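Per-entry structural report
Next come the chains, spelled out residue by residue.
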Amino acid sequence: AVLTPPGGYAVMAADAIESTQGELHLAKLSEQTREDIRRDSLEFAAVSNPVDLTASVTDDMFAASLRHVLADPAVDLALVMCFCAPPGLSEDLPDRLAAEAGASDKPVVFVAMHGENTVALCRRLTEAGSAAYPSLRQAVGACRLLARRGRWLKRLKVSLPHQAACVSEGSD
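Residue positions are counted from 1 within each chain, in the order its sequence is given. A pLDDT threshold of at least 70 governs which residues receive local features in this predicted model, and a stricter bar of 80 or more applies before side-chain atom pairs are shown or counted, although totals over entire chains, interfaces and linings include all residues. The basis for every side-chain value is the complete set of non-hydrogen atoms in the structure, without hydrogens or water.

All right, on to the pattern of salt bridges then. A pairing counts as a salt bridge when a side-chain nitrogen of Lys or Arg comes within 4 Å of a carboxyl oxygen of Asp or Glu. Summed over all chains, the structure comprises ten salt bridges. Here Glu23 and Arg144 are joined by a salt bridge, their closest N and O atoms 2.5 Å apart. Pair noted here: Glu23 is in the loop between helix H1 (7–18) and helix H2 (31–40) and Arg144 is in helix H6 (residues 136–156), with a separation of 121 residues, a long-range link. When accessible area is computed with a 1.4 Å probe and restricted to protein chains, residues below 20% of their type maximum are described as buried, those above 50% as exposed, and intermediate ones as partly exposed. Owing to a relative accessible area of 13%, Glu23 belongs among the buried residues under this scheme. Only DSSP runs of H or I reaching four residues or more are called helices, and only runs of E reaching two or more are called strands; each is numbered from the N terminus.

pLDDT measures the predictor's confidence residue by residue and takes values from 0 up to 100. For the chain, the average pLDDT comes to 88, and 91% of its residues sit at 70 or higher. When pLDDT is averaged over each element of the chain, H2 comes out on top at 98 and H1 at the bottom at 89. Scored below 50 in pLDDT, residues 162–172 shows 50 contacts in the model against residues more than four places distant or in partner chains. Whether two residues touch is decided by their heavy atoms; if any such pair falls within 4.5 Å, the residues are in contact.

Looking now at H2. Along H2, the residues classified as buried are Thr33, Arg34, Asp36 and Ile37. Projection of H2 onto a plane perpendicular to its axis shows the buried side chains occupying an angular sector of 160°, all on one side. Those residues of H2 hidden inside the fold are in contact with strand E2 (51–52) and helix H3 (59–71). This arc is built from the directions going out from the helix axis to the C-beta atoms.

Moving on to unusual backbone geometry. Omega for the bond connecting Asn49 with Pro50 falls within 30 degrees of zero, at 10°, which places this linkage in the cis form. In this fold, Pro50 is placed in the loop between H2 and E2. Located in the positive-phi region is Gln21, a residue other than glycine, with phi close to 55°. Structurally, Gln21 is set in the loop between H1 and H2. Despite not being glycine, Thr54 has its phi angle at roughly 75°, a positive value.

Next comes the structure, spelled out in structure tokens:
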């Protein structure tokens, strides 16, 4: 699943995922997940996948939405745009999102952009135990590697935490 504050990045991420020649697919979020996100975010947020929380998102909305996305059985992996530009987001957001990611057995890959502080933001998320990349291209590449690893482990019948098959295998 893709989770982002403003929508432009949601569209770019969806396009990048769909251009992976079938390796990655956008998961179809359950009605329950969409209702949970809708309840905890703004009424005009896009709650299908990709999830666009809008530029009016707050830390609480973002963290709750990530929790809901990760709880959805159709989601094997989350790709999250993490940047603190929208006015409702604070410098605490990376720690909040990393905590949600750490509480899940599903991998979360972050695209971390914060102007001149991008490297520091990537480091902060990485030190909190999450994968973080300064570009969408690199993050989608990491998702592809996770998908390949998941398929390989599945063939070997190995069950390990973070064995995501992909964003969602076989979903439209």
